[in-house]
Amino acid sequence: MRIGARRAVSEMIRVTSLQGETIVVDSVWAERAWRRPVAWVLRRLDRGCWVRSQTGIEALLPDRAAWSCERFTYAWTGLEGVWCVYAGRPSPAEGA
């Protein structure tokens, strides 16, 4: 299961590398299930064992220190995602 997730993240990075690397993951466990019970139940019923915590998602990123990750809520049910942006490589304008 973990190898598949690493491959998926690697593929996301590969296909976005021409534009700069940004990854958005929409399946994130609620930090506190009691604060977002509807979101927690939806995640459990929809994807069950495939959902990760924000820390688990960040652990899949290569060169973790170079990534900026921000959690966001995007539905009235409390569903959350993580927006990760790679800041470790200079832009083409800076590298020239």
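You'll find the structure just up there.
What counts and what doesn't
- Residues numbered from 1 in each chain as written.
- Predicted model: local features only at pLDDT ≥ 70, side-chain atom pairs only at ≥ 80, totals over all residues.
- Heavy atoms only, no water.
- Helix = DSSP H or I, 4+ residues; strand = E, 2+ residues; numbered from the N terminus.
- Buried < 20%, exposed > 50% of the residue type's maximum accessible area, 1.4 Å probe, protein only.
- Areas by Shrake-Rupley, 256 points an atom, 1.4 Å probe, with all protein chains shown as cover.
- Pairing = 2+ DSSP bridges.
- Axes fitted to C-alpha atoms, helices over the stretch in contact; angles between N-to-C directions.
- Contact = heavy atoms within 4.5 Å.

Draft legend 1. Main features of the overall build of the protein chain. Across its full length, the protein chain holds four helices and three strands. Helices and strands appear in the protein chain in the N-to-C order α-β-α-α-β-β-α. Taking all 96 residues of the protein chain together, 32% fall into the buried category. Total accessible area on the protein chain stands at roughly 6,600 Å², and carbon and sulfur atoms take up 58% of it.

Draft legend 2. Region of interest: the sheet that holds strand β1 (residues 22-28). Taken together, three strands build an open sheet; the order of strands is β1-β3-β2 and the sheet is antiparallel. In this open sheet, the two edge strands, each paired with only one partner strand, are β1 and β2 (67-73). Adjacent strand axes in the sheet meet at a mean angle of 20°, parallel and antiparallel pairs treated alike. As paired elements, β2 and strand β3 (residues 80-86) share seven bridges and run antiparallel to each other. Along β3, the bridge assignment pairs T73 with E80.

Draft legend 3. Quick look at unusual backbone geometry. Residue D63 is not a glycine yet carries a positive backbone phi of 50°. Structurally, D63 can be placed in the loop between α3 (54-59) and β2. What makes D63 partly exposed here is its relative accessible area of 48%.

Draft legend 4. Fine view of the environment of R71. Secondary-structure assignment places R71 in strand β2. Note on R71: relative accessible area 18%, which makes it buried. Each C-alpha atom, one on R71 and one on C84, is 8.8 Å from the other, the two residues being 13 residues apart in sequence. If sequence neighbours within four positions are ignored, R71 has contacts with V28, W29, A30, E31, Q54, E80, G81 and V82.

Keep in mind these values describe shape, not function.
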